Amino acid sequence: MPGGNEKSVKALKEVWRRAENSLCADCGKPDPDWASSTLGVFICLSCSGIHRNIPSISKVKSLKMDHWDDAQVQFLAHHGNAVTKATYEAHIPIYYYQPTYNDCQVLREQWIRAKYERKEFTEPGKQLPYSDGVKEGILWKRGRDNGQFLPRKFLLSEREGCLKYFIKQDAKEPKVIIKIDVINATFQPVKIGNPNGLQITYLKDNKTRNIFVYHENGKEVVDWFNAIRSVQFHYLKVAFPIASDNELKSRLTRNFLKEGYMEKTGPKQKEAFKKRWFTLDHRRLMYFKDPLDAFAKGEVFVGSRENGYSVQKGLPSGTQGNFSWHYGLTIVTPDREYLFTCETETDQMDWITAFTSVINQPMIPQEYASKCLDTLSFPS
């Protein structure tokens, strides 16, 4: 904390140490060491980079390396994260996704711009681009068979309770109609290869179908994401009228618990292990030959410990299938065991942690209905 008089430096340290300022005001990352001298918030290094891209709104400085004059310190002291949040986050819709430091760049950037630049949450009842129950526009969609991204018209309707997409902009009939209660959406910039890449997942005949889309404009794709959450929320309000808003919020779009490559063998446990891409979406474990496959090759239901499910480190003794990765794990279900190998010990422990978190959760009534997934094919 170079420069400045001793009194000013001491005052800066005191305001910095306040409990309200111990987490980044925008993403919640612990121990922020940057601050905005014009907004009065304490932020992390990553979020400071986003603030730096909107210099007309926010001027950022390092709390450790930059000089803070008396007036700037006083401004921080009179504001801080709690006061500033009370202004800029006063009226956030319950369904709006508030990203954390684990989320991708486009989500965090548009959250920061929505708060400070567009001031979307400062007034009650403000009309927002994702709040009116209908959204129509073009998204670039990856072809299921050719892998090419082509423009497609999408239409989201709260009144109809569905998301549709059309092959041509003037098409009368949609290619696909997706009911809003079976949709999930999660940002996948790395997997899709685009910083604004969004994966839309839904159930079709009790099987998972993936659609991969993006938009060149970050604001537009995040608006689509929150529009889906808005329509889902209002659908759930009607379907479950006595549930609290927070209960309904927990049932909106979700991030996958874990994704990555593992090797697997077949039900006889004698076949050669094959490398596949796995996705753990709460109690659904799915595998794909390629991360961008439209359909899973197989799925299995992961239940709770009291229903006879467990995860074990290593493979059963005498496992005969040939495998090239040597960090094994076994999923035990009431009907059979599923054997996997991971490339590294870190991967192995991360998967075990993810499975354990699911297995340790008691099953809710709706999940018992999904238990029939255990009968689905999970071939080699």
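The structure displayed is predicted, hence computed values, not measured ones. (Residues numbered from 1 in each chain as written. Predicted model: local features only at pLDDT ≥ 70, side-chain atom pairs only at ≥ 80, totals over all residues. Heavy atoms only, no water.)

**Examining the sheet that holds strand β17 (residues 337-342)**
- Taken together, 7 strands build an open sheet; the order of strands is β14-β13-β12-β11-β17-β16-β15 and the sheet is antiparallel. The sheet is open, and its two edges are formed by β14 (298-301) and β15 (310-313), each paired on a single side. Neighbouring strand axes in the sheet, compared pairwise and without regard to direction, differ in orientation by 35° on average.
- Alignment of β15 against strand β16 (residues 327-332), held across 4 bridges, turns out to be antiparallel. Each bridged residue has a counterpart across the sheet, and for S310 the counterpart in β16 is V332.
- Lying on the sheet, helix α9 (residues 345-359) is in contact with β11 (258-264), β12 (274-281), β13 (284-288), β15, β16 and β17; it crosses β15 at an angle near 160°. (Pairing = 2+ DSSP bridges. Helix = DSSP H or I, 4+ residues; strand = E, 2+ residues; numbered from the N terminus. Axes fitted to C-alpha atoms, helices over the stretch in contact; angles between N-to-C directions. Contact = heavy atoms within 4.5 Å.)

**Comments concerning the UniProt feature "domain: PH" (unreviewed entry) in the protein**
- Summarizing the sequence annotation, UniProt attributes the feature "domain: PH" (unreviewed entry) to residues 132-233 and 255-360 in the numbering used throughout.
- Secondary structure over residues 132-233 splits into 20% helix and 46% strand, and the C-alpha atoms at its two ends are 12 Å apart.
- Between the first and last C-alpha atoms of residues 255-360 the distance is 19 Å; the span itself is 14% helix and 38% strand. (UniProt positions renumbered as here; feature names shortened; annotations may be inferred.)

**Things to note about helix α4 (residues 80-88)**
- Every buried residue of α4 is accounted for by G80, N81, T84 and Y88. End-on view of α4: buried residues confined to an arc of 115°, all on one side of the axis.
- The elements touched by buried residues of α4 are β2 (42-43), α3 (70-78) and α5 (105-117). (Buried < 20%, exposed > 50% of the residue type's maximum accessible area, 1.4 Å probe, protein only. Arc of directions from axis to C-beta.)

**So, the packing of helix α1 (residues 6-16) against α3**
- Running from amino to carboxyl end, α1 crosses α3 at an angle of 20°, the nearest separation of the two axes being 10 Å. The pairing of α1 with α3 is recorded here as roughly parallel in orientation. Considering only the axes of α1 and α3, their crossing is left-handed. Residues S8, A11, L12 and V15 of α1 lie in contact with α3, whose contacting residues are D70, V73, L76 and A77.
- Looking at the contact of α1 with α3 residue by residue, the classes come out as 6 nonpolar, 1 polar and 1 charged. (Parallel < 35°, antiparallel > 145°, perpendicular 65-115°, else oblique. Left-handed = near helix turned anticlockwise from the far one by under 90°. Nonpolar A, V, L, I, M, F, W, Y, C, P; charged D, E, K, R; others polar.)

**Observations concerning the nonpolar core**
- Counting 55 residues, the largest nonpolar core has I43, L156, L163, F187 and L198 as the members making the most contacts within it.
- With 9 residues, helix α7 (residues 218-239) is the single largest residue contributor to this core.
- Listed in part, the 22 residues of the second largest apolar core include L280, F301, I331 and V358. (Core = buried A, V, L, I, M, F, W, Y, C linked by side-chain atoms within 4.5 Å.)

**A few points about the environment of L236**
- Assignment of secondary structure puts L236 in helix α7.
- Overall, the relative accessible area of 8% leaves L236 in the buried class.
- Sequence separation of L236 and L248 is 12 residues, and the distance between their C-alpha atoms is 6.5 Å.
- Non-local contacts of L236, meaning those with residues more than four positions away in its chain, are made with L248, R251 and L252.

**Some words on the domain arrangement of the protein**
- The domain architecture assigned to the protein consists of domain 1 (2-117), domain 2 (134-250) and domain 3 (258-377).
- Listed as interface residues are 8 residues of domain 1 and, on the opposing side, 17 residues of domain 2.
- Together, the buried faces of domain 1 and domain 2 total about 1,100 Å²; carbon and sulfur atoms form 72% of this surface.
- Among the residues of domain 1 in contact with domain 2, I94, Y95 and V106 are the three that bury the most area, contributing 53% of the side total.
- At the junction of domain 1 and domain 2, the tally comes to 0 salt bridges. (Domains from an automatic or database assignment. Buried area = accessible area lost by both parts, 1.4 Å probe. Salt bridge = Lys/Arg side-chain N within 4 Å of Asp/Glu carboxyl O.)

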